[in-house]
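Fold and geometry: a report
The chain contents come next:
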Amino acid sequence: INTLYVMFSQELEKAGLLNKTKIAEGGRKLRKSWSPSWVVLVGNSLVFFKDPKSQTPSSWRPGNSRPESSVDLRGAQLHWANDLSSKKNVFKLRTVTGNEFLLQSETDSLIKEWYKTIQNIIPPLVLS
Ligand code: I3P
């Protein structure tokens, strides 16, 4: 419900196919498992969808599939991380809760665009 609310109420900034693996959960290291994922940047969130075959950019609509997971970008950190993988064009996203993801694309221009867009959108963490 939160995710759907976010998707209907916030502006869609960017969407596309990237390779993704989660490498830490709450600061605990996880085993790498790369898989293609539709990544949607909307409001303060990065939302991941499975099954890229049924999720082409033109057919993607907020209501027609369930997100696999989503990341709250508030206070998140973004770093190029080519040292963390044998793949090229890898960056690491770390959330305030200690979840870490690697995102990758074979296309240099595409990954640079994603990096720039996420970097520019990460809102400052406001402590209440
Ligand atoms: C991992 C798999 C990953 C690789 C990772 C391997 O093996 O090959 O693709 O990461 O390397 O451990 P497995 O399938 O047996 O889990 P990269 O592709 O990012 O290099 P790593 O352990 O050096 O991170």
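The structure this text deals with has already been given above.
This report concerns the structure included in the present document. (Residues numbered from 1 in each chain as written. Predicted model: local features only at pLDDT ≥ 70, side-chain atom pairs only at ≥ 80, totals over all residues. Heavy atoms only, no water.)

**Focus: the layout of surface pockets**
- Put simply, the second largest pocket is a space of about 160 Å³.
- Around the second largest pocket, the lining residues are K20, T21, K22, R31, S33, S35, E68, S69 and F101.
- In terms of residues, the lining of the second largest pocket owes the most to one element, strand β1 (residues 12-25), which gives three residues.
- Of the residues in the lining of the second largest pocket, the class split is one nonpolar, four polar and four charged. (1 Å grid on protein atoms, 1.4 Å probe; cavity = no way out; pocket = protein on both sides within 12 Å on 5 of 7 lines; lining within 4 Å. Points joined across faces, edges and corners; volume = space filled by probe spheres on them. Helix = DSSP H or I, 4+ residues; strand = E, 2+ residues; numbered from the N terminus. Nonpolar A, V, L, I, M, F, W, Y, C, P; charged D, E, K, R; others polar.)

**Describing the nonpolar core**
- Within the largest apolar cluster, 19 residues are counted, with the highest numbers of intra-cluster contacts made by L46, L73, F91, L93, W114 and I118.
- Where this core is concerned, the elements lending two or more residues are β3 (35-42), β4 (45-49), β7 (90-94), β8 (100-104) and α2 (108-121).
- Ranked by residue count, the leading element in this core is α2, at five residues.
- Formed by five residues, the second largest nonpolar core is a distinct cluster that contains W38, V42, V47 and F49. (Core = buried A, V, L, I, M, F, W, Y, C linked by side-chain atoms within 4.5 Å. Buried < 20%, exposed > 50% of the residue type's maximum accessible area, 1.4 Å probe, protein only.)

**Structural notes on the site of the ligand**
- Every residue near the ligand is listed here: R31, K32, W34, S85, S86 and K87.
- For the ligand, an oxygen atom lies 2.9 Å from a polar atom in the side chain of R31.
- Between the ligand and the protein, one listed contact pairs an oxygen atom with a side-chain N or O atom of S85 at 2.4 Å.
- For the ligand, the protein covers 45% of the area, taking 500 Å² as the surface of the free molecule.
- A breakdown of the residues in the shell around the ligand according to their chemical character gives one nonpolar, two polar and three charged. (Near = heavy atom within 4 Å. Polar contact = N/O pair within 3.5 Å; in protein donor to acceptor, adjacent residues only side chain to side chain. Areas by Shrake-Rupley, 256 points an atom, 1.4 Å probe, with all protein chains shown as cover.)

**Focus: the pairing of β8**
- Counted residue by residue, β8 has five buried out of five residues, so it is predominantly covered.
- Every second residue of β8 is oriented toward a common face, with E100, L102 and Q104 on one face and F101 and L103 on the other, all of them buried.
- Looking at chain direction, β1 and β8 are connected through five bridges and run antiparallel. Residue pairing across strands places K20 opposite L103, the latter belonging to β8.
- Of the pairings in the sheet, the one linking β7 to β8 comprises five bridges and is antiparallel in character. Note that in β8 the partner of R94 across the bridge is E100.
- What sits between β7 and β8 in their antiparallel hairpin is a turn of five residues, with G98 showing a positive phi close to 85 degrees. (Pairing = 2+ DSSP bridges.)

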